[in-house]
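Residue-level structure breakdown
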Amino acid sequence: MHIAFQNIQKSFGKNHVLKDISFSIKEGEICALLGENGAGKSTLMNILGGIHRPDAGSIYADGKEVRFTAPEQSIKLGISFIHQELNLINDLPIYENMFLERDYTKGFRRVPHQEMIQETKAIFERMQVDLDPRTLVKDLDSSYKQIIEICRAITMHASVIIMDEPTTSLTDSEIERVFSMMRHLRDQQVSIIFISHKLKEVIEVCDTYTVLRDGNLVSQGQVSDVTTKELARFMVGYDVRTDQLIQQRERGKEILRADKLTDAAAFSNVSFSVHQGEVVGFTGLLGDGRSELFQSIFGAHDISSGKLFLYGKEIHIHTTMDAIKHGIAYLPRNRKENAIIKDMDILENSAIASWKRHAKWGVIQHSIHKEKLEVFQKQLKIRMTNASNNILNLSGGNQQKIVLAKWLSTDPRILILDNPTQGVDVGAKEDMYDIILRLADKGVGIIILSSEANEILRLCNRTYVMYHGRLQGELKAEDMNEQAIMELATGGDAFI
Ligand SMILES: Nc1ncnc2c1ncn2[C@@H]1O[C@H](COP(=O)(O)OP(=O)(O)OP(=O)(O)O)[C@@H](O)[C@H]1O
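So, here is what we can say about the structure in this document. Being a predicted model, the structure only gives us computed values, none of them experimental.

All right, on to the site of the ligand then. Lining the immediate environment of the ligand, one finds 19 residues, of which K41, S42, T43, N393 and S395 sit closest. Here an oxygen atom of the ligand and a side-chain polar atom of N37 are 2.9 Å apart. Protein chains bury 86% of the 630 Å² of accessible surface belonging to the ligand in isolation. Most atoms of the ligand, that is more than half of them, are within 2 Å of grid points of the largest pocket. Within the residue set of the shell around the ligand, elements represented by two or more residues are β2 (15–25), α1 (41–48) and α15 (396–408). When residues in the shell around the ligand are grouped by element, the largest group, three residues, is from α1. A breakdown of the residues in the shell around the ligand according to their chemical character gives four nonpolar, 12 polar and three charged.

In this structure the tally under the stated criterion is 23 salt bridges. Salt bridges linked by common partners bring R241, E430, D434 and R458 together as one network.

Moving on, we come to the sheet that holds strand β12 (residues 267–275). Read across the sheet, four strands follow the order β12-β11-β14-β15 without closing on themselves; strand pairing throughout is antiparallel. In the strand order of this sheet, the two ends are held by β12 and β15 (313–315), each with one partner. Shown here is a sheet whose adjacent strand axes are inclined to one another by a mean of 20°, direction ignored. Strand contacts of helix α9 (residues 290–297): β11 (254–263), β12 and β14 (305–310), with the helix running at about 70° to β12, the strand carrying the most contacts.

Rules behind the numbers
Residues numbered from 1 in each chain as written. Predicted model: local features only at pLDDT ≥ 70, side-chain atom pairs only at ≥ 80, totals over all residues. Heavy atoms only, no water. Near = heavy atom within 4 Å. Polar contact = N/O pair within 3.5 Å; in protein donor to acceptor, adjacent residues only side chain to side chain. Areas by Shrake-Rupley, 256 points an atom, 1.4 Å probe, with all protein chains shown as cover. 1 Å grid on protein atoms, 1.4 Å probe; cavity = no way out; pocket = protein on both sides within 12 Å on 5 of 7 lines; lining within 4 Å. Sits in = over half its atoms within 2 Å of the grid points. Helix = DSSP H or I, 4+ residues; strand = E, 2+ residues; numbered from the N terminus. Nonpolar A, V, L, I, M, F, W, Y, C, P; charged D, E, K, R; others polar. Salt bridge = Lys/Arg side-chain N within 4 Å of Asp/Glu carboxyl O. Pairing = 2+ DSSP bridges. Axes fitted to C-alpha atoms, helices over the stretch in contact; angles between N-to-C directions. Contact = heavy atoms within 4.5 Å.

Quick look at the structure:
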């Protein structure tokens, strides 16, 4: 389907988000929609998806003007939206989630479970997804959830698919699988709008690009004519650095040491240490157990055996509050489910982890938290109008920055960052890296969990590579490269 936007405008209160946007996507084209956090990409796509209505301007589908007043109308026309924040029902099995937006009842309202299971199996086979359709969604890792959303869009035979950062929590092999699906869909004349901050991926899979900045369309063209560096400049308006950031510091005292940590299901026999001023990576492929390991260290789950030491003294963490008291902060990987509190405003979300710390006579000191948020807003360039607005009014990348602010305001001794730059634009990523390095300078021990090799290679003094819940190897900065990491991550000869 050929989609054209003409002179689209949209404001939220005084926030003029889309100023006058006109561009089109051809049938069978993969178009990258790019821009800084808060540039208006999701808002524009929410208009196409029937979630928001434009204040002015029109949308044309195959030359005919369409005006959506509800998402169902957009879906009915063949537009499928895979949101940044996944929309699956955790308590339903995969196969029922696959049919959520369709009327799957048959005569006498019979629900054809077996047929749904078979259809789900068939699409999984095509996509090489190794999952039982009867598995409950709540038992899946977030990257599998993302894959299910993509499979769902495919089963709906959409002619336009909007993918809002579909690869944020996927590993390289899964990303490749998604890309080959996208190419396959393109061959079948499906149009795809691909929103991403990962510019290498844009170059790899997209045909055209459109860049928004401050609500205006600032650049568009063929991807084959540009480099990632140029795209980054179009997005933020200046050249974004790409150099190595590793800083050699004197290794301080050991802060955290894990000795043979084991949890029957997710990880076993994991021993490691982190010293003051170190930036230590943990990487691997899906199912490597790194998130589960650090969730357990942070007190979200019990550890069945092994010991944990803080400054040489054994500690016992049973709850996340215990972990916070010990100066451990953990930014989790799945923002929507584990990091933001949707019923709270921006200020509350940024402060909740340090409420207790600053409370006087048990009363929350909002003024202190407000001041802190103002500092972080400047440092992290958080785009927001009012701290008392609901967190969901922020763009995805800006929500992520609030989550980081929340943990920074606890003044941690150990800062664990799980996929910290998910949804964060190229410029803001560098701001985050600067903050991480400054904290390391001050003696904080930083642990970065990431499947982005480039993030590990640019930032970490050393990295541990995990494979099926075990530490497969440790690489020092001078030995780190993508190949060495990949070898260990796929089960290559262990050394630790
Ligand atoms: N429902 C809403 N109510 C009020 N403001 C909103 C709402 N949705 C978005 N905004 C504002 O609109 C602006 C654009 O947000 P949008 O989500 O479109 O950005 P984006 O380009 O998708 O960013 P990101 O890369 O971070 O996802 C932001 O300033 C955001 O705060």
